[in-house]
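Chain residues, written in single-letter form:
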Amino acid sequence: MSAPAPKLNHGFTYASLFKLDSLRRLDELFLARLHTHDAKLHEQLLSYRRGDHGLTALQVSELLLGCAPVLEDIVAEVFGIQDALRLSREATVAHNPVFTFKKQFVQRRARRRLLKNEEFENFTELDRWLARELREAGLDMLDRELAVA
């Protein structure tokens, strides 16, 4: 006699996730949650699935990215990993200043300098200057990239 398959949330088991009827039930759960979250996005996804969408590749990407957080939440609930997901999201959001800095500084200022063929300072000197500035500002933290941003 074998041990019963471990139960997941929403009535699923690991074994049931290999069965079409369970996957359909999981999809229904996702679609219901998506409809509650964003009815327009829900309708766009259904239209895409039917093949009568007329979306460009970029629009399809945007549609899938819009649906992803809802699907991620459902998967986290089924497997009982909501806390791990929350921590992962918090860690990602904590680096938003880095992404903003890169977008503002690197894409705009550095590109202008490159296009003008300006001469750049010596990296070692710039690195020393930056370390000193961060230290003086009290920002010499472990995550240097975040400190710079």
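Presented here is a report on the structure given in the accompanying data block. (Residues numbered from 1 in each chain as written. Predicted model: local features only at pLDDT ≥ 70, side-chain atom pairs only at ≥ 80, totals over all residues. Heavy atoms only, no water.)

1. Considerations on unusual backbone geometry
Logical step 1: With phi around 60°, His10 is a residue other than glycine that occupies positive phi space.
Logical step 2: The topology assignment puts His10 in the segment before α1 (20-37).
Logical step 3: Classification of His10 as partly exposed rests on a relative accessible area of 34%. (Helix = DSSP H or I, 4+ residues; strand = E, 2+ residues; numbered from the N terminus. Buried < 20%, exposed > 50% of the residue type's maximum accessible area, 1.4 Å probe, protein only.)

2. Regarding the packing of α1 against helix α2 (residues 39-50)
Logical step 1: Two numbers describe how α1 lies on α2: the axes approach to 5 Å, and their chain directions differ by 135°. Judged on the interaxial angle alone, α2 and α1 are oblique. Of α2, the residues touching α1 (which contributes Asp27, Phe30, Leu31, Leu34, His35 and His37) are Ala39, Leu41, His42, Leu45, Leu46 and Arg49.
Logical step 2: Here the contact of α1 with α2 is composed, by residue class, of 7 nonpolar, 3 polar and 2 charged. (Axes fitted to C-alpha atoms, helices over the stretch in contact; angles between N-to-C directions. Parallel < 35°, antiparallel > 145°, perpendicular 65-115°, else oblique. Contact = heavy atoms within 4.5 Å. Nonpolar A, V, L, I, M, F, W, Y, C, P; charged D, E, K, R; others polar.)

3. Topic: the side chain of Ser47
Logical step 1: When you line up the elements, Ser47 lands in helix α2.
Logical step 2: When its relative accessible area of 14% is taken as the criterion, Ser47 is described as buried.
Logical step 3: In this structure Ser47 touches Asp52 and His53, once residues within four positions along its chain are discounted.

4. Quick word on α2
Logical step 1: Look at α2: 17 Å from first C-alpha to last across 12 residues, which is about the 16 Å you get at 1.5 Å a residue.
Logical step 2: Listing the buried residues of α2 in full gives Leu41, His42, Leu45 and Ser47.
Logical step 3: The backbone nitrogen of Lys40 lies 3.1 Å from a side-chain oxygen of the residue at the head of α2, namely Asp38.
Logical step 4: The first or second residue beyond α2 is Gly51, which carries a positive phi of 90°. (Expected span 1.5 Å × (residues − 1). Polar contact = N/O pair within 3.5 Å; in protein donor to acceptor, adjacent residues only side chain to side chain.)

5. Observations concerning the pattern of salt bridges
Pairing between side chains becomes possible if they bear opposite charge and their charged atoms approach one another.
Logical step 1: A complete count under the given rule lists 8 salt bridges for this structure.
Logical step 2: Residue Arg33 is joined to Glu77 by a salt bridge in which the shortest nitrogen-to-oxygen separation is 2.7 Å. Placement of Arg33 in helix α1 and of Glu77 in helix α3 (residues 57-79) is noted, with a sequence separation of 44 residues between them.
Logical step 3: Exposure remark for Arg33: the relative accessible area of 28% places this residue in the partly exposed category.
Logical step 4: Here Asp73 and Arg89 are joined by a salt bridge, their closest N and O atoms 2.8 Å apart. With a gap of 16 residues between them, Asp73 in helix α3 and Arg89 in helix α4 (residues 82-93) connect regions that are remote in the sequence.
Logical step 5: Taken together, the salt bridges that share partners define one network made up of Glu43, Arg50 and Asp52. (Salt bridge = Lys/Arg side-chain N within 4 Å of Asp/Glu carboxyl O.)

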